[in-house]
Amino acid sequence: MWRGICKRVSDIETIIFSAILSGVVTLIINITIFLLKEKSTNKRERKIQRKEIFINRPEIDIIEFKDYTSRTRYGINQKCDIELFVAPIENIKVDGNDKYSAVYAYYNTKELLDKYNWCCAIYTFENKGKTDISTLYIICNFKENTCIFSLSHINESMENNFLNYSYCYDRKIRINEKIVVKLCYHKSYICGGFFSAIMSIGMVDENGCCWIQPWFSPNDKVYDSRRVTYRNFVDEIRKDTAEECFRRPYLW
């Protein structure tokens, strides 16, 4: 009799264990299916969101271009929203031999600051995108041999051997709003690239997204804007990477 009772107890335990195991397996399967569906949904939503951000991105269009680069002094006194001088670097001095060494840029200031030999190109930018621009930057891409300076600080910047590769226009540019940009050059040192953009237009939109738009100054050619990470954007506007390359020239 006891043998029969033990057998029935064992059968009941087996049934209970099987039921529990089946329930656990079913739960695991259901959770796995739910997580996979959630992951797929999130991935699809992120893709849609990225597409929407791209469609609504800020985009600068050059709607007017005045090329005075072959005519000295023409237009250099015209008041513009952004006024910059594109300066060739004559020499670089690295003061020290470690990663904290100071880097100084030298310019032919006597020749470059002679406004009698200046020329310029004047651009009217319009935000043709579908998003307001919170902050706009003019960025120099040829960092090994070219800097840019605001006309309001050009003398002290060059005389104090500063490196500078960007200018910040810290005003909102709404959709369809226009600003005027002037790039000044010494007539003997007009910097431009045939196959690559010497400048870029950097933008931070109202959503905090960062965008770069290649600009083939002193011509009026621009490419479409593309989104970049915040870190890459900061690398473009700051001088740190260029200074490291001047300390270790093989990095260029």
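Residues numbered from 1 in each chain as written. Predicted model: local features only at pLDDT ≥ 70, side-chain atom pairs only at ≥ 80, totals over all residues. Heavy atoms only, no water.

Colleague: Would you explain the pattern of salt bridges in this entry?
Modeller: Charged atoms that come close allow side chains of opposite charge to pair. Applying the stated criterion across every chain yields a total of 10 salt bridges. Here glutamate 236 and lysine 143 are joined by a salt bridge, their closest N and O atoms 3.7 Å apart. Remark: lysine 143 occurs in the loop between β6 (133-140) and β7 (146-150) and glutamate 236 occurs in helix α4 (residues 230-237); sequence separation between them is 93 residues. Take lysine 143: its relative accessible area is 11%, and that puts it in the buried class. Of the charged contacts in the structure, one is a salt bridge between glutamate 244 and arginine 248, with a shortest N-O distance of 2.8 Å. One salt-bridge network, in which partners are shared between bridges, spans Lys239, Glu243, Glu244, Arg247 and Arg248. (Salt bridge = Lys/Arg side-chain N within 4 Å of Asp/Glu carboxyl O. Helix = DSSP H or I, 4+ residues; strand = E, 2+ residues; numbered from the N terminus. Buried < 20%, exposed > 50% of the residue type's maximum accessible area, 1.4 Å probe, protein only.)

Colleague: How should the side chain of serine 157 be read in this particular structure?
Modeller: Mapped onto the fold, serine 157 is located in helix α3 (residues 154-159). Those residues within four positions of serine 157 in sequence are excluded, and the remaining contacts are Phe149 and Phe162. (Contact = heavy atoms within 4.5 Å.)

Colleague: Got a minute to help me understand the packing of aromatic side chains in this structure?
Modeller: In the structure shown here, the tally under the stated rule is 10 aromatic pairs. Between tyrosine 123 and tryptophan 215, the aromatic rings sit 4.8 Å apart at their centres with planes inclined by 90 degrees, giving edge-to-face as the arrangement. Of the two residues, tyrosine 123 sits in strand β5 (residues 118-127) while tryptophan 215 sits in strand β11 (residues 210-215), which places them 92 residues apart along the sequence. Under the relative-accessibility criterion, tyrosine 123 is labelled buried at 0%. Three or more aromatic residues joined by ring pairs make a cluster, and in this case those are Phe65, Tyr123, Phe125 and Trp215. Its end group placed over the ring of tyrosine 74, arginine 71 keeps NZ or CZ at 3.8 Å from the ring centre. (Phe/Tyr/Trp six-rings, centres within 6.5 Å; stacked < 30°, edge-to-face > 60°. Lys NZ or Arg CZ within 6 Å of the ring centre and 35° of its normal.)

Colleague: Before we go on, may I ask you to explain the sheet that holds β11 in this structure?
Modeller: Strands belonging to one sheet form pairs held by backbone hydrogen bonds; the direction of such a pair is parallel or antiparallel. Taken in spatial order, the 5 strands of this open sheet run β8-β6-β10-β11-β12, and their pairing is antiparallel. Each edge of the open sheet carries a strand with a single partner, namely β8 (166-169) and β12 (226-228). Strand-to-strand, the axes of this sheet are offset by a mean angle of 30 degrees, without reference to chain direction. (Pairing = 2+ DSSP bridges. Axes fitted to C-alpha atoms, helices over the stretch in contact; angles between N-to-C directions.)

Colleague: Please explain the pairing of strand β3 (residues 91-95) as it appears in this structure.
Modeller: One face of the sheet, then the other: side chains in a regular strand alternate in exactly this way. Across 5 bridges, β3 lies against strand β4 (residues 102-106) in antiparallel orientation. Opposite asparagine 91, over in β4, you have tyrosine 106 as the bridge partner. The hairpin formed by β3 and β4 contains 6 residues between the paired strands, and glycine 96 there has a positive phi angle of roughly 130 degrees.

Colleague: Before we go on, may I ask you to explain the pairing of strand β9 (residues 178-186) in this structure?
Modeller: Burial runs high along β9: 7 of the 9 residues are buried. Pairing between β5 and β9: 9 bridges, direction antiparallel. Paired with phenylalanine 125 across the bridge in β9 is isoleucine 179.

Colleague: What is the right way to look at unusual backbone geometry in this model?
Modeller: A negative phi angle is the norm for most residues apart from glycine, just as the trans form is the norm for most peptide bonds. Each neighbour pair has its own omega, and for serine 217 with proline 218 the value is 5 degrees, a cis peptide bond. Among the structural elements, proline 218 can be located in the loop between β11 and β12. Of note, arginine 73 is a non-glycine position whose phi angle comes to about 75 degrees, a positive value. Position of arginine 73 relative to the elements: it lies in the loop between β1 (60-67) and β2 (82-88). In this structure, asparagine 161 is a non-glycine residue whose phi angle is positive, near 60 degrees. Its location among the elements puts asparagine 161 in the loop between α3 and β8.

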